[in-house]
There are 2 protein chains.
Amino acid sequence: MDRLRRFMREVAAQAETRLEGMLPYPDLRPETLHQAMRHAVLGGGKRLRPVITLAAFTAAGGREEDRPGALDAGCAIELLHCYSLTHDDLPAMDNDTLRRNRLTCHKAFGEAMAILAGDALHTLAYGTLARASGPLAADTVAELSRAAGSTGMAGGQALDLEGEGKRQVVEEIERIDRWKTGSIFTCCCRIGAILAGAGDSRLAALSAYGDALGVLYQISDDILDLTAGAETIGKTPGKDRNAGKLTYPAALGLDGARAVMGEKRALALDAIGDFGREALYLRLFADFLAERIVPGSG
Amino acid sequence: MDRLRRFMREVAAQAETRLEGMLPYPDLRPETLHQAMRHAVLGGGKRLRPVITLAAFTAAGGREEDRPGALDAGCAIELLHCYSLTHDDLPAMDNDTLRRNRLTCHKAFGEAMAILAGDALHTLAYGTLARASGPLAADTVAELSRAAGSTGMAGGQALDLEGEGKRQVVEEIERIDRWKTGSIFTCCCRIGAILAGAGDSRLAALSAYGDALGVLYQISDDILDLTAGAETIGKTPGKDRNAGKLTYPAALGLDGARAVMGEKRALALDAIGDFGREALYLRLFADFLAERIVPGSG
């Protein structure tokens, strides 16, 4: 687990530097828009999407000389993630005030600028991914577009909004988690593998891994939302419960939700069962997500 | 001019069919999101972006077998355009009620769904462009990302919002028009030319043409906003003036604005002066934009 933590710290630091360089300077016109974009992206965060992208790239046997491209592709997905957080926080959506222990973008820069900053990050994500992918751009861009679209991330957010306050059926929760989070985690795995030159069977295995990982992550997030304070999770705690959102802990109780986590961890590990040592980080990462809600268990 | 009108009708009809096929079915989950996306895109419109893309593709000597890819690329830019209109109409932005003689997306589907529909169209645009471009995707996606980003379309909208009610300097108006509209028109020309296999000098000429065309278009739009009724322009008339937006007619008067249009038309035609007959539609299109505010003049 120490090896994973070191890997995560390394990738997060490298991603931070690359993201800083991808974003326009804050004193370049239109200054407010550029400052809002930087506010939405910089200042920490675990950079899980670059971490997963590079872990999958490594697991699929990517070559050292292609690693910078894979890192930038992971950062492109992180830019897309930051756009989606910025829009999800808007008053018309989740109406949130805190994110990563700072004001949300619209609280700091106003609603119009937050919408535009999200849009500009969204479009920057695709340009960054295209440049990082070179001759493989047609494939990677199509992957991200599918994962982020109306039957992926954006669709999951729509289902989530429609489902608030409704009866919480576990199948529906899993569908929403799979669309909102699983699709992007799977996309990280697939893009990392594509940039490593992986064949179809490895791509399929990594897709199954990413899919299980996404649900695993979302459940751990829901449990943290219930049990942790604002300083730990960096956003308003208990908010999902108060909004009547569909979550595993609400539907199954804490123990039931933890049991599903165990199943998903097993599924994730099984999917990459015949990968070699180079899949170490992916294996440890599945454990890490389970461990973050049960400190000391791993 | 009749030949241009026939070409425009043809491309608009083909684009409508392709766009219809690119959009998810309205009865596919999440239904409301998919209905909102279709509302934002379908139901007419002049489809100027596919028209310009195909006119530039033809002008740059594109081959018949590559035309379907160029049409789809133009439709991808149209999807991006529709996302931007959907977000521009939001209450926090221009707060508009009518668009193409119908309710704006947030008036019909609510604000959250309009934000998500715009986001989903945005991401669909890039996937569509990548698939249409094949091995040229790295180039075309980077072009669109630059044109739509914080120093292009999104940046122009930010400058526009910041400038409302301020003193109207012509240089600033031109900068905003160039970013908001010119960047995408230029992008249509460049992507059409890239998919036709054009070299650097033709690309540069078509960039200059698109840049002038964008300003030409924006001025004609501003004049229509002042002089036409809602049934003609399909949106709330006189709105820009009421919002104190920076426009050419407001800064220079109607005659002054028309004079700038004449200059831009000459610049556009000059840029493609040494293209042959295959640039006919581009030439006629520059005339068309001037003519639409002076009926019968061409």
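Residues numbered from 1 in each chain as written. Chains lettered and ligands numbered in written order. Predicted model: local features only at pLDDT ≥ 70, side-chain atom pairs only at ≥ 80, totals over all residues. Heavy atoms only, no water.

## Structural notes on the nonpolar core
- Judged by nonpolar contacts, the single largest core of 208 residues is most densely connected at Phe285 of chain A together with Phe285 of chain B.
- Apart from the residues within four sequence positions on either side, Phe285 of chain B is in contact with Leu4, Met8, Leu48, Val51, Ile52, Tyr209 and Leu213 of chain B. (Core = buried A, V, L, I, M, F, W, Y, C linked by side-chain atoms within 4.5 Å. Buried < 20%, exposed > 50% of the residue type's maximum accessible area, 1.4 Å probe, protein only. Contact = heavy atoms within 4.5 Å.)

## Some details on the packing of helix α1 (residues 2–22) of chain A against helix α3 (residues 48–59) of chain A
Residues and elements named next belong to chain A.
- Direction vectors running N to C along α1 and α3 enclose 115°, while the axes themselves pass 9 Å from each other. Judged by the angle between their axes, α1 and α3 are roughly perpendicular. As α1 runs across α3, the sense of the crossing is right-handed. For the pair α1 and α3, the contacting residues are Phe7, Met8, Val11 and Ala15 in the first and Leu48, Pro50, Val51, Leu54 and Ala55 in the second.
- Broken down by class, the residue content of the contact of α1 with α3 amounts to nine nonpolar, no polar and no charged. (Axes fitted to C-alpha atoms, helices over the stretch in contact; angles between N-to-C directions. Helix = DSSP H or I, 4+ residues; strand = E, 2+ residues; numbered from the N terminus. Parallel < 35°, antiparallel > 145°, perpendicular 65-115°, else oblique. Left-handed = near helix turned anticlockwise from the far one by under 90°. Nonpolar A, V, L, I, M, F, W, Y, C, P; charged D, E, K, R; others polar.)

## Considerations on the environment of Ala55 of chain B
- In this structure, Ala55 of chain B sits in helix α3 (residues 48–59).
- Note on Ala55 of chain B: relative accessible area 3%, which makes it buried.

## Description of the interface of chain B and chain A
- Taken residue by residue, the interface counts 48 residues in chain B and 49 residues in chain A.
- Considering only the side of chain B, the residues that lose the most area to chain A are Arg29, Leu116 and Thr123 of chain B, jointly responsible for 17% of the buried surface there.
- Viewed at the interface, chain A and chain B are joined by two salt bridges.
- Of the charged contacts in the structure, one is a salt bridge between Arg29 of chain A and Glu172 of chain B, with a shortest N-O distance of 2.8 Å.
- In this assembly, chain B and chain A are joined by 17 residue pairs in polar contact (both at pLDDT 80 or more).
- Counting residues per element, the side of chain B that touches chain A draws most heavily on helix α6 (residues 111–133) of chain B, at 14 residues.
- Taken together, the residues that form the side of chain B that touches chain A break down as 28 nonpolar, 13 polar and seven charged. (Buried area = accessible area lost by both parts, 1.4 Å probe. Salt bridge = Lys/Arg side-chain N within 4 Å of Asp/Glu carboxyl O. Polar contact = N/O pair within 3.5 Å; in protein donor to acceptor, adjacent residues only side chain to side chain.)

## Looking at a positive patch on the surface
- A cluster of like positive charges, contributed by Arg3, Arg6, Arg9 and Arg277 of chain A, occupies part of the molecular surface.
- Structurally, Arg9 of chain A can be placed in helix α1. (Patch = residues over 30% accessible without salt bridge, like charges linked within 9 Å, V, L, I, M, F, W, Y side chains within 5 Å. Areas by Shrake-Rupley, 256 points an atom, 1.4 Å probe, with all protein chains shown as cover. Lys, Arg positive; Asp, Glu negative; His and termini not counted. Charge placed at Lys NZ, Arg CZ, Asp CG, Glu CD.)

## Here we look at the packing of aromatic side chains
Residue and element names in this part refer to chain B.
- A complete count under the given rule lists seven aromatic pairs over all chains for this structure.
- Judged by centre distance (3.9 Å) and plane angle (10°), the ring pair of Phe7 and Tyr281 falls under stacked. One end of the pair, Phe7, is in helix α1 (residues 2–22); the other, Tyr281, is in helix α14 (residues 280–291), with 274 residues separating them in the sequence. Both residues of the pair, Phe7 and Tyr281, count as buried. (Phe/Tyr/Trp six-rings, centres within 6.5 Å; stacked < 30°, edge-to-face > 60°.)

## A look at the pattern of salt bridges
Residues and elements named next belong to chain A.
- Applying the stated rule across the entire model yields 38 salt bridges over all chains.
- For the salt bridge of Glu78 with Arg47, the shortest nitrogen-to-oxygen distance reads 3.1 Å. Within this pair, whereas Glu78 is found in helix α4 (residues 67–88), its partner Arg47 is found in the loop between α2 (31–41) and α3, the two being separated by 31 residues in sequence.
- A salt bridge links Arg175 to Glu172; the nearest nitrogen and oxygen atoms lie 3.6 Å apart. Of this pair, Arg175 and Glu172 both sit in helix α9 (residues 170–195), three residues apart, roughly one helical turn.

## Structural notes on unusual backbone geometry
- Cis peptide bonds are those with omega within 30 degrees of zero, and the linkage from Arg29 of chain A to Pro30 of chain A qualifies with -5°.
- You can see Pro30 of chain A is positioned in the loop between α1 and α2.
- Phi at Arg100 of chain B is positive, roughly 50°, even though this residue is not glycine.
- The topology assignment puts Arg100 of chain B in the loop between β1 (98–99) and β2 (102–103).

## Some remarks on the environment of Cys187 of chain B
Residue and element names in this part refer to chain B.
- Looking at where Cys187 falls in the secondary structure, it is placed in helix α9 (residues 170–195).
- Residues Cys187 and Lys264, 77 residues apart in the sequence, show an inter-C-alpha distance of 18 Å.
- Beyond its immediate chain neighbours, meaning those up to four positions away, Cys187 contacts Glu143, Leu144 and Ala147.

## Section: the environment of Gly69 of chain A
All names here are of chain A.
- For Gly69, the location among the structural elements is in helix α4.
- Along the chain, Gly69 and Leu195 lie 126 residues apart, while their C-alpha atoms are 7.7 Å from each other.
- If near-sequence neighbours (up to four positions away) are discounted, Gly69 is found in contact with Ala132 and Leu195.

## With respect to the confidence of the model for chain A
- Looking at chain A as a whole, its pLDDT mean stands at 91, while 92% of the residues score no less than 70.
- Here the predicted complex carries an ipTM of 0.94, next to a pTM of 0.94. (pLDDT = per-residue confidence, 0-100.)

## Details of the packing of α9 of chain A against helix α10 (residues 200–227) of chain A
Residue and element names in this part refer to chain A.
- Interhelical geometry of α9 versus α10 gives an angle of 140° and a closest axis separation of 7 Å. Here α9 is positioned oblique relative to α10, judged by the angle of their axes. Crossing angle aside, the handedness with which α9 passes α10 is right-handed. Here α9 contributes Asp177, Arg178, Thr181, Gly182, Phe185, Thr186, Cys189, Arg190, Ala193 and Ile194 to the contact with α10, which in turn contributes Leu203, Leu206, Ser207, Tyr209, Gly210, Asp211, Leu213, Gly214, Tyr217, Gln218 and Asp222.

## Topic: the relation of the copies chain B and chain A
- Turning chain B through 180° and shifting it by 0.0 Å along the axis lays it on chain A, with an RMSD of 0.0 Å. Both copies are brought into coincidence by an operation consistent with a two-fold rotation axis.
- Of all interface residues in chain B, 100% are interface residues in chain A too; the two copies therefore contact each other through one and the same surface. (Least-squares fit on C-alpha atoms with pLDDT ≥ 70 in both.)

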